[in-house]
Amino acid sequence: MAGLLDHGSLRLVDLLSESANRAIESIERRFTYEDGRVIFAAGDVDQRLLIVRSGAVKIGRIGADGRETILAVLGPGHFVGLVGVMVGRVRGQNAVAVGETTLGHLDKDDFFALMDAHPEIARAALPAALSRLSAALNFIDDVRRLPLAVHTAVFVQSMLKASGEDGVIRWSQSDIALAVGGSRVSVGKALKRLENAGFIRQKYGVIEVCDPQALAAWIDAARATHMND
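It should be emphasised that the depicted structure is a prediction, and the values quoted were computed from it without experimental measurement. (Residues numbered from 1 in each chain as written. Predicted model: local features only at pLDDT ≥ 70, side-chain atom pairs only at ≥ 80, totals over all residues. Heavy atoms only, no water.)

Enquirer: Which residues make up helix α3 (residues 108–117), and what values do they have?
Expert: When α3 is considered as a whole, its buried residues turn out to be F111, L114 and M115. What you see down the axis of α3 is that its buried residues fit within an arc of 100 degrees, all on one side. Among the exposed residues of α3, those oriented more than 90 degrees off its buried face are D109, D116 and A117. Along its buried surface, α3 packs onto α1 (18–27), β3 (48–62), α2 (82–87), β6 (94–107) and α4 (119–145). (Buried < 20%, exposed > 50% of the residue type's maximum accessible area, 1.4 Å probe, protein only. Helix = DSSP H or I, 4+ residues; strand = E, 2+ residues; numbered from the N terminus. Arc of directions from axis to C-beta. Contact = heavy atoms within 4.5 Å.)

Enquirer: Would you mind going over the side chain of H78 in detail, with residue names and values included?
Expert: Summarising the element assignment, H78 is placed in the loop between β4 (68–74) and β5 (79–80). Residue H78 is classed as buried on the basis of its relative accessible area of 1%. Once you skip the residues sitting within four places of it in the chain, H78 turns out to touch D6, S9, L10, R11, L50, I51, V52 and R132.

Enquirer: Outline the packing of α3 against α4, listing residues and values.
Expert: In contact at an axis separation of 4 Å, α3 and α4 are set at 110 degrees when each is read in the N-to-C sense. Accordingly, the angle class assigned to the pair α3 and α4 is roughly perpendicular. The residues of α4 that touch α3, namely those facing F111, L114, M115, D116 and A117, are P119, I121 and A122. Partitioning the contact of α3 with α4 into residue classes produces 7 nonpolar, no polar and 1 charged. (Axes fitted to C-alpha atoms, helices over the stretch in contact; angles between N-to-C directions. Parallel < 35°, antiparallel > 145°, perpendicular 65-115°, else oblique. Nonpolar A, V, L, I, M, F, W, Y, C, P; charged D, E, K, R; others polar.)

Enquirer: An account of helix α6 (residues 173–180) is requested, with residue identities and associated values reported.
Expert: The element α6 is largely enclosed, with a buried count of 6 among its 8 residues. Here α6 has its buried residues at D175, I176, A177, L178, A179 and V180. The inward-facing, buried residues of α6 contact β4, α4, α5 (148–162), α7 (184–196) and β9 (206–209). Backbone geometry just downstream of α6 places G181 in the positive-phi region, at approximately 95 degrees.

Enquirer: Hey, could you go over the nonpolar core for me, with residue numbers and the actual values?
Expert: By size, the foremost hydrophobic cluster in this structure holds 30 residues, and its most contacted members are F155, M159, I169, W171 and I176. Listed by contribution, the elements that provide at least two residues to this core are β4, α5, α6, α7, β9 and α8 (212–227). The element contributing the most residues to this core is α5, with 7 residues. Ranked by size, the runner-up nonpolar core spans 19 residues in total, among them A20, A23, M115 and A125. (Core = buried A, V, L, I, M, F, W, Y, C linked by side-chain atoms within 4.5 Å.)

Enquirer: Any chance you could break down the packing of aromatic side chains for me, citing the residues and the numbers?
Expert: Per the stated rule, a full pass over the model turns up 2 aromatic pairs. Taking the centre distance of 6.1 Å and the plane angle of 70 degrees together, the rings of F155 and W171 count as edge-to-face. Here F155, found in helix α5, pairs with W171, found in the loop between β7 (168–169) and α6; they are 16 residues apart in sequence, far enough to count as distant. A relative accessible area of 2% means that F155 is categorised as buried. When its relative accessible area of 2% is taken as the criterion, W171 is described as buried. Here the guanidinium or amino end of R91 rests over the ring plane of F40, the centre of that ring lying 4.0 Å away. Over the aromatic face of F79 sits the side chain of R132, whose NZ or CZ is 4.1 Å from the ring centroid. (Phe/Tyr/Trp six-rings, centres within 6.5 Å; stacked < 30°, edge-to-face > 60°. Lys NZ or Arg CZ within 6 Å of the ring centre and 35° of its normal.)

So, in structure tokens, the structure goes:
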């Protein structure tokens, strides 16, 4: 799997001044993980704040039936584990390196000391966390209200914004199914419907978005229809 999925959430580093970012970099300890390496698992007692410096981190869960769900794929500048640091909860998801990934590790005490010395870090952490919460709530609302084809289109649109490549998403159909929460067959049908409508073009492991504006207009119209049902 390749490609980011941050649901448009804010990157912590973008909300900080140069001096605050330097202060974090001066204290953090950096570790590099090979592709596929588990960084932490659901249920772990781990109160480190992690900042992605290169590569990406896949956040997901494994259900009782053994099925994986992809919740996000976060790239450079994003944080991982803020809830665990702030409220002391065990990890609720699994975090896995996507490609060779370097993370900055900040222990809880060090992070709190940084916030005392640089109050802007605390002010930045709040909107960064809330933007991710808002994205999660919107995702849940879409799952509940929208037909799978529309929800899949919303997902494609979200991936496109974070892909880093103009009009290209490097995700397989199977990975999209894991992230959307549908079966591979049902998501395949949804993608085929979008392809037949001329919004996307499917290739092996790649989706090309032919007309992002037309796709966005179709999503808006579908949302208006189904949100009023």
